[in-house]
Amino acid sequence: MKKWLCGILLLGITLFSNTSYAENWEDVMILDECQVYLDTDSIYCDYDSNSINFRLKSVVSDKGKDIVLADKNYNSEDEKIFRSIAYQIEDKSYFVAEKILYTKQNTFYDINNNVMYVQNKNKGVDLGKDGEYGFEKMVILKVFEYLR
């Protein structure tokens, strides 16, 4: 009877467990105002489109939020929403031949890891220009580092 009950319990745990993909967040940039991490488990090459896909996580501290809010003219409701964002995850694609980095989607989370808002962007920046987009180029170098 015990073996049968243990077997049913094990089968139930296996079938109904909450599974998710692993995340291995590595530091890209750590400042007092903002921290940016690269999910090294999300990096993959799409050989059909000649692109590298990955995810970034950005966490803005209260100090960083104060700086952003001082720079902009937010109403009190927008400020409340902005302050409630705990972090954002960006899905990105880097097209190697064109040297264009696309942000496909931004997902904003609250402190309880609930999705607050999903923003589909599909906006690209040209990293082939000299002297521009230093942070983005640093991210791409970090991605290449993990592809080796």
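Treat the numbers as computed from the prediction; the structure is a model and nothing was measured. (Residues numbered from 1 in each chain as written. Predicted model: local features only at pLDDT ≥ 70, side-chain atom pairs only at ≥ 80, totals over all residues. Heavy atoms only, no water.)

Enquirer: When you look at the overall build of the chain in this model, what are you seeing that I'm missing?
Expert: Along the chain, the regular secondary structure elements total four helices and six strands. Along the chain, helices (α) and strands (β) appear in the sequence α-β-β-β-α-α-β-β-β-α when read from the amino end. The long-range fraction of contacts in the chain, counting pairs at least 24 apart against all pairs at least 6 apart in sequence, stands at 44%. Summed over its atoms, the accessible surface of the chain is roughly 10400 Å², and 53% of this surface lies on carbon and sulfur atoms. (Helix = DSSP H or I, 4+ residues; strand = E, 2+ residues; numbered from the N terminus. Contact = heavy atoms within 4.5 Å. Areas by Shrake-Rupley, 256 points an atom, 1.4 Å probe, with all protein chains shown as cover.)

Enquirer: How should a nonpolar patch on the surface be read in this particular structure?
Expert: Taken together, Val-96, Leu-141, Phe-144 and Leu-147 make up a surface patch of nonpolar side chains, about 310 Å² in accessible area. Inspection of the secondary structure assignment puts Leu-147 in helix α4 (residues 134-147). By relative accessible area, Leu-147 is classed as partly exposed at 32%. (Patch = residues over 30% accessible without salt bridge, like charges linked within 9 Å, V, L, I, M, F, W, Y side chains within 5 Å. Salt bridge = Lys/Arg side-chain N within 4 Å of Asp/Glu carboxyl O. Buried < 20%, exposed > 50% of the residue type's maximum accessible area, 1.4 Å probe, protein only.)

Enquirer: Honestly, α4 in this entry has me stumped. Any pointers?
Expert: Helical geometry: 3.6 residues make up each α-helical turn, so side chains three or four residues apart lie on a common side. Between its terminal C-alpha atoms α4 stretches 20 Å, which fits the 20 Å expected from 14 residues at 1.5 Å a residue. Along α4, the positions that sit buried rather than exposed are Val-139, Ile-140 and Val-143. Seen along its axis, α4 keeps its buried residues to an arc of 100°; they face one direction. With respect to the buried face of α4, the exposed residues turned more than 90 degrees away are Gly-134 and Leu-141. The inward-facing, buried residues of α4 abut β1 (25-30), β2 (34-46), β3 (51-60), β4 (87-95) and β5 (100-109). (Expected span 1.5 Å × (residues − 1). Arc of directions from axis to C-beta.)

Enquirer: I'm lost on the nonpolar core in this one. Help?
Expert: Nonpolar side chains tend toward joint burial in soluble globular proteins. Within the largest apolar cluster, 15 residues are counted, with the highest numbers of intra-cluster contacts made by Leu-38, Phe-54, Leu-56, Leu-101 and Val-143. Put simply, the parts of the chain that give this core at least two residues each are β2, β3 and α4. At four residues, β2 tops the list of elements feeding residues into this core. Apart from the residues within four sequence positions on either side, Leu-56 is in contact with Trp-25, Val-28, Val-36, Tyr-37, Leu-38, Gln-88, Ile-89, Glu-90, Lys-92 and Val-139. (Core = buried A, V, L, I, M, F, W, Y, C linked by side-chain atoms within 4.5 Å.)

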